[in-house]
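Okay, here's what each chain looks like letter by letter:
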Amino acid sequence: MHSPLTSEEMLHLLPPMQQQHYLRINSNKRQREYLYSRLLICLALSRYYQRPAESWIIEEVTNAAPIIHNLPSPAYISLSHSHDLVCFTLSPLKVGVDIERVQPRQNLQSMAELFMNSSELKRLPTSEHQRQLYFYRVWCAKEALYKALPKFDQSEAILKKLSYLQLKSGQLEWQLSEFELEGYQAAIVHSKHLHTAVEIKHFIDLDSFQERSVTH
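Residues numbered from 1 in each chain as written. Predicted model: local features only at pLDDT ≥ 70, side-chain atom pairs only at ≥ 80, totals over all residues. Heavy atoms only, no water.

## Remarks on the confidence of the model for the protein chain
Reasoning step 1: For the protein chain, per-residue confidence averages 88 on the pLDDT scale, and residues scoring 70 or more make up 88% of the total.
Reasoning step 2: Contacts from residues 211-216, a stretch scored under 50 in pLDDT, to residues over four places away or in other chains number 23 contacts. (pLDDT = per-residue confidence, 0-100. Contact = heavy atoms within 4.5 Å.)

## A short note on the environment of S73
Reasoning step 1: You can see S73 is positioned in the loop between β2 (67-68) and β3 (76-82).
Reasoning step 2: Linking S73 and P92, residues 19 residues apart in sequence, is a C-alpha distance of 8.4 Å. (Helix = DSSP H or I, 4+ residues; strand = E, 2+ residues; numbered from the N terminus.)

## Here's the deal with unusual backbone geometry
Reasoning step 1: A positive phi is found at N63, a non-glycine position, where the angle reads about 55°.
Reasoning step 2: Phi is positive for E182, which is not a glycine, with a value near 50°.
Reasoning step 3: A residue is classified by how much of its surface remains accessible, and E182, at 67% relative accessible area, is exposed. (Buried < 20%, exposed > 50% of the residue type's maximum accessible area, 1.4 Å probe, protein only.)

## With respect to helix α3 (residues 28-49)
Reasoning step 1: The end-to-end C-alpha distance of α3 is 31 Å, a good match for the 32 Å that 22 residues give at a rise of 1.5 Å each.
Reasoning step 2: In this structure S27 caps α3, since a side-chain oxygen of it lies 3.3 Å from the backbone nitrogen of K29.
Reasoning step 3: Positive phi appears at Q50, one or two residues downstream of α3, with a value of about 60°. (Expected span 1.5 Å × (residues − 1). Polar contact = N/O pair within 3.5 Å; in protein donor to acceptor, adjacent residues only side chain to side chain.)

## Examining the environment of A44
Reasoning step 1: Take A44: it is sitting in helix α3.
Reasoning step 2: Remark: the alpha-carbon pair of A44 and T89, spanning 45 residues in sequence, is separated by 9.1 Å.

## Structural notes on the pairing of strand β5 (residues 95-101)
Reasoning step 1: Burial runs high along β5: 6 of the 7 residues are buried.
Reasoning step 2: Here 7 bridges tie β5 to strand β7 (residues 184-191), and the two strands are oriented antiparallel to one another. Note that in β7 the partner of E100 across the bridge is Q185. (Pairing = 2+ DSSP bridges.)

Set out below in structure tokens:
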């Protein structure tokens, strides 16, 4: 079993530009989030393309996923993190991912009214536990769909007008995959393809570098 890596050891696995960006971040919390997310990106790309983790040319973009300039083939990426979990997706299709830690909310109804339309609100379960799960499923799916949209469409999009019910039932040009992971809810949305998509969920513990994959 590998010993946990120190932050300094992890930092040296990143490309030089990402190392410099990390050092310019003042907040310890933001530094940790940045380090783990960029390390996940580099390790995932390296596992897939068989290239060194520090070889990727990554451009940081404000309020958006970073741009990777030297991918061997055209691909779309998406990134999401919540508390201690980070998700990264890579696809030849337009793709978006969102993950949220499921936790009780005192203001669940008022929060739901901000992003759910009337049809979605009517389906809020009466059971507190089921209401909570439904809240996060709708939230993650809409966020993932928003991220999958082209930039121009994002500027025009309103979460309340994005239909979770149509997305889930396959009525839109997008395909939704939802899953739960150790207290978190996650959603991946990508544009539909003639062939059934094969999803590989690859998990990397960045402290110990232990890995596991789930394919379906």
